[in-house]
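Here are the chains, one letter per residue:
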Amino acid sequence: MSAKRALITGITGQDGSYLAEFLLDKGYEVHGLVRRTSSFNRQRIDDLYFKKHKDAWLHYGDMTDMNSLLHVVSVCKPDEVYNLAAQSHVQISFEVPYYTALSDAIGVQNLLESIRILGLHSKFYQASTSELFSGAPGEAPQNEKTPFKPRSPYGVAKLYGYEISRIYREAYGFFVCNGILFNHESPRRGSNFVTRKITRGVVDVVQGKQDHIPLGNLHAHRDWGYAPEYVESMYLMLQQPTPEDYVVATGETHSVREFAEKAFAHAGIEVRWEGEGVEEKGIDTKTGKAVVVVDPQFFRPNEVDHLCGDASYAKEKLGWQPTVTFEALVSLMMEAELKGEGTL
Ligand code: NAP
Ligand code: F7E
């Protein structure tokens, strides 16, 4: 029997790189969509065995360019499509709302339309997100039935992606699953997301390269899991007899402040908090120096305050369950950072 073929958009990103490894290990032929960039941005896949693997292929294209998607889909004829490509930074979506809508909303439709026009029966995974929820504390834990009320251009673009995916399932009988994934992190996380910013910042503070880490909202609560475990849930969704939508999360929530405390503790620095609001600082109890300061440039015009997912449906139907705890996640990210192993 010939190998199953998967097309992964967003293969150069955190999740795409882990998913590519996971599927190649399962014997898939993996095709990835990459953008042309003036300097190479393939650190997450290049040094892994992707580059040398005989069953791995990269194709140029862009979610906003229907011609390129039609071409790539017609060349690959994938059994499974994992649509992970997105402008994925929530704060930046306030600065580039139009582009975010094009890539994260219309891009999903472009890819679904490509499959439809070509008359293929590819199964389709859509990277939906906990940013569909409002994050109002009274709503947690959020599950598949919690109402959506996004609070950012990113969230609303992803809502379009979620709904258009559902519509292709209902209207055309497509096998489409939305994975409503809560935050998931790793040493490959982009360095402008808060977890990586903190772990890199702690190492820079320890090595004397910077005095402190400037952060925004320290009160925000997130349900943080480990990315390699989360990509497995994407694969499991597409192996079910019927297509459905699933929340994927740990069920634990922690604040940005707690993440910073734990990361500094890993490097032997105890932090005590002083002041309030923009005056709040994290002080190294030994030296008395501020190692965290609040910088309002990292506040968002609108914030999702409190996320905590209920993944019991994914556990029941997919047999999926996370094993990496919050403490273990901070430790493994700090260990990788100290060894210089994180993606730049
Ligand atoms: P990421 O590291 O930011 O990777 C995003 C990927 O999308 C990159 O490969 C990027 O390519 C590609 N991309 C962006 N715009 C594109 C476009 N217009 N055309 C083609 N490719 C484009 O994101 P991630 O953390 O791996 O997340 C994967 C997906 O899951 C995203 O859709 C994200 O919104 C969603 N999600 C993430 C989380 C999370 O906690 N990580 C949670 C829920 C949902 P370049 O390398 O060229 O920039
Ligand atoms: O922020 C607060 C910030 O940017 C987490 C994406 O993968 O997960 C991610 O979105 C929290 C927010 O992730 C800083 O205000 C404080 O409350 O790491 P983040 P995110 O916005 O939750 C969801 C599920 C996705 O789908 C997205 O694609 O941390 N925060 N200070 C900060 N955030 C950043 N980035 N930088 C700060 O300095």
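In the block above lies the structure referred to throughout.
Novice: Just checking my understanding: could you explain the sheet that holds strand β14 (residues 281–284) for this structure?
Specialist: Sheet strands line up and pair through hydrogen bonds in the backbone, either parallel or antiparallel. With mixed pairing, 4 strands are arranged side by side in an open sheet as β8-β15-β14-β13. Whereas interior strands pair on both sides, the edge strands pair on one side only; in this sheet they are β8 (213–215) and β13 (271–274). Adjacent strand axes in the sheet meet at a mean angle of 20°, parallel and antiparallel pairs treated alike. Of the pairings in the sheet, the one linking β13 to β14 comprises 4 bridges and is antiparallel in character. Paired with Glu-274 across the bridge in β14 is Lys-281. Against the sheet, helix α7 (residues 194–206) touches β8 and β15 (290–294), its axis set at about 155° to β8. Packed onto the sheet, helix α9 (residues 256–266) meets β8, β13 and β15 and runs at close to 145° relative to β13.

Novice: Help me understand the pairing of strand β6 (residues 176–181), please; the structure alone is not making it clear to me.
Specialist: On a regular strand, one side chain projects to one face of the sheet and the next to the other, so that they alternate. Counting buried residues in β6 gives 6 out of 6 residues, a clear majority hidden from the surface. Along β6, one buried face is formed by Val-176, Asn-178 and Ile-180 and the opposite face, lined by Cys-177, Gly-179 and Leu-181, is buried too. Crossover handedness for the path strand β5 (residues 123–129) to helix α6 (residues 153–172) to β6: right-handed. Pairing between β6 and strand β11 (residues 246–248): 3 bridges, direction parallel.

Novice: Quick question: what am I supposed to make of the site of ligand 1 here?
Specialist: Close contacts around ligand 1 come from 26 residues, with Thr-12, Asp-15, Arg-35, Ser-88 and Tyr-154 the closest. In this structure, an oxygen atom belonging to ligand 1 sits 2.5 Å away from a side-chain N or O atom of Tyr-154. For the shell around ligand 1, the element with the highest residue contribution is β5, accounting for 3 residues. Broken down by class, the residue content of the shell around ligand 1 amounts to 10 nonpolar, 11 polar and 5 charged.

Novice: Got a minute to help me understand the sheet that holds β11 in this structure?
Specialist: The parallel open sheet is built from 7 strands, whose spatial order is β3-β2-β1-β4-β5-β6-β11. The two strands at the open ends of the sheet, each matched to only one other strand, are β3 (56–60) and β11. Adjacent strand axes in the sheet meet at a mean angle of 20° when their direction is disregarded. Across 6 bridges, the pairing between β5 and β6 is parallel.

Novice: Got a minute to help me understand the site of ligand 2 in this structure?
Specialist: The full set close to ligand 2 counts 24 residues, and Ser-88, Thr-129, Tyr-154, Arg-300 and Glu-303 are the nearest of them. Within the side chain of Arg-300, an N or O atom sits 2.6 Å from an oxygen atom of ligand 2. Within the complex, 96% of the 700 Å² of free accessible area of ligand 2 lies under protein. Looking at the shell around ligand 2, the elements that each hand over two or more residues are α7 and β8.

Novice: Can you help me understand α7 in this one?
Specialist: Helical geometry note: an α-helix holds 3.6 residues per turn, so side chains three or four residues apart project in the same direction. For α7, which comprises 13 residues, the first-to-last C-alpha distance of 18 Å matches the rise-based estimate of 18 Å (1.5 Å per residue) to within 8%. When α7 is considered as a whole, its buried residues turn out to be Thr-195, Arg-196, Lys-197, Ile-198, Thr-199, Gly-201, Val-202, Val-203 and Val-205. Against β7 (184–185), β8, α9, β15 and α11 (326–338) lie the buried residues of α7. In the segment just after α7, Gly-208 is the residue with positive phi, at about 75°.

Novice: What exactly am I supposed to notice about a nonpolar patch on the surface here?
Specialist: Side chains of Ile-92, Val-96 and Tyr-99 sit close together on the surface and give an oily, nonpolar patch of about 200 Å² of accessible area. For Val-96, a relative accessible area of 32% corresponds to the partly exposed category.

Novice: How do you make sense of the packing of α7 against α11 when you look at a structure like this?
Specialist: To describe two helices that pack against each other, one gives the angle between their axes and the distance between the axes. Between α7 and α11, the least distance of the axes is 9 Å, while the angle of their chain directions is 50°. By the angle between their directions, the pair α7 and α11 is classed as oblique. Judged by the sense of rotation from one axis to the other, the crossing of α7 with α11 is right-handed. Of α11, the residues touching α7 (which contributes Thr-195, Arg-196, Thr-199, Arg-200, Val-202 and Val-203) are Met-333, Met-334, Glu-337 and Leu-338.

Novice: How do you make sense of the packing of α7 against α9 when you look at a structure like this?
Specialist: Contact pair α7 / α9: the axes reach a minimum separation of 10 Å and the direction vectors enclose 35°. When you trace α7 past α9, the crossing you get is right-handed. Of α9, the residues touching α7 (which contributes Val-194, Thr-195, Ile-198, Thr-199, Val-202 and Val-205) are Val-256, Phe-259, Ala-260, Ala-263 and Phe-264. For the contact of α7 with α9, the class distribution of residues is 9 nonpolar, 2 polar and no charged.

The rules we used
All residue numbers here refer to positions counted from 1 along the written sequence of the relevant chain. Numbering of ligands from 1 and lettering of chains from A proceed in the order in which they are written. Where local features are concerned, this predicted model is filtered to residues with pLDDT of at least 70; where side-chain atom pairs are given and counted, the filter is 80 or more; whole-chain, interface and lining totals use all residues. To get the side-chain values, take all heavy atoms of the structure and skip hydrogens and water. Here the rule is simple: two strands pair whenever DSSP picks up at least two bridges between them. Working definition: helices are DSSP H or I runs of at least four residues, strands are E runs of at least two. Numbering for both runs from the N terminus. Axis angles are defined between N-to-C directions and span 0 to 180 degrees, where every axis is a line fitted to C-alpha atoms and, for a helix, only to the segment in contact. Contacts: residue pairs with any heavy atoms within 4.5 Å of one another. When accessible area is computed with a 1.4 Å probe and restricted to protein chains, residues below 20% of their type maximum are described as buried, those above 50% as exposed, and intermediate ones as partly exposed. Look down the strands so they point away from you; if going from the first strand over the helix to the second traces a clockwise path, that crossover is right-handed. Throughout, the term near means that a residue has one or more heavy atoms lying within 4 Å of the molecule or strand in question. N or O atoms within 3.5 Å of each other form a polar contact, as long as, within protein, one can give a hydrogen and the other can take it, and as long as residues adjacent in sequence are counted only when both atoms are side-chain atoms. Note on residue classes: Ala, Val, Leu, Ile, Met, Phe, Trp, Tyr, Cys and Pro are nonpolar, Asp, Glu, Lys and Arg are charged, and everything else, Gly too, is polar. The protein chains shown are the only cover counted for residues, whose accessible areas, like all others here, come from Shrake-Rupley with a 1.4 Å probe. In this scheme, a helix's expected span is set at 1.5 Å multiplied by one less than its residue total. Patch members must show over 30% relative accessible area and no salt bridge, and they are joined within 9 Å when carrying like charges or within 5 Å when they are nonpolar side chains of Val, Leu, Ile, Met, Phe, Trp or Tyr. Just to be clear on terms, a salt bridge is a Lys or Arg side-chain nitrogen sitting within 4 Å of an Asp or Glu carboxyl oxygen. Each angle receives one of four descriptions, namely roughly parallel if under 35 degrees, roughly antiparallel if over 145, roughly perpendicular if within 65 to 115, and oblique otherwise. Helix crossings are classified by the rotation of the near helix relative to the far one: an anticlockwise turn of less than a right angle makes the crossing left-handed, while a clockwise turn makes it right-handed.

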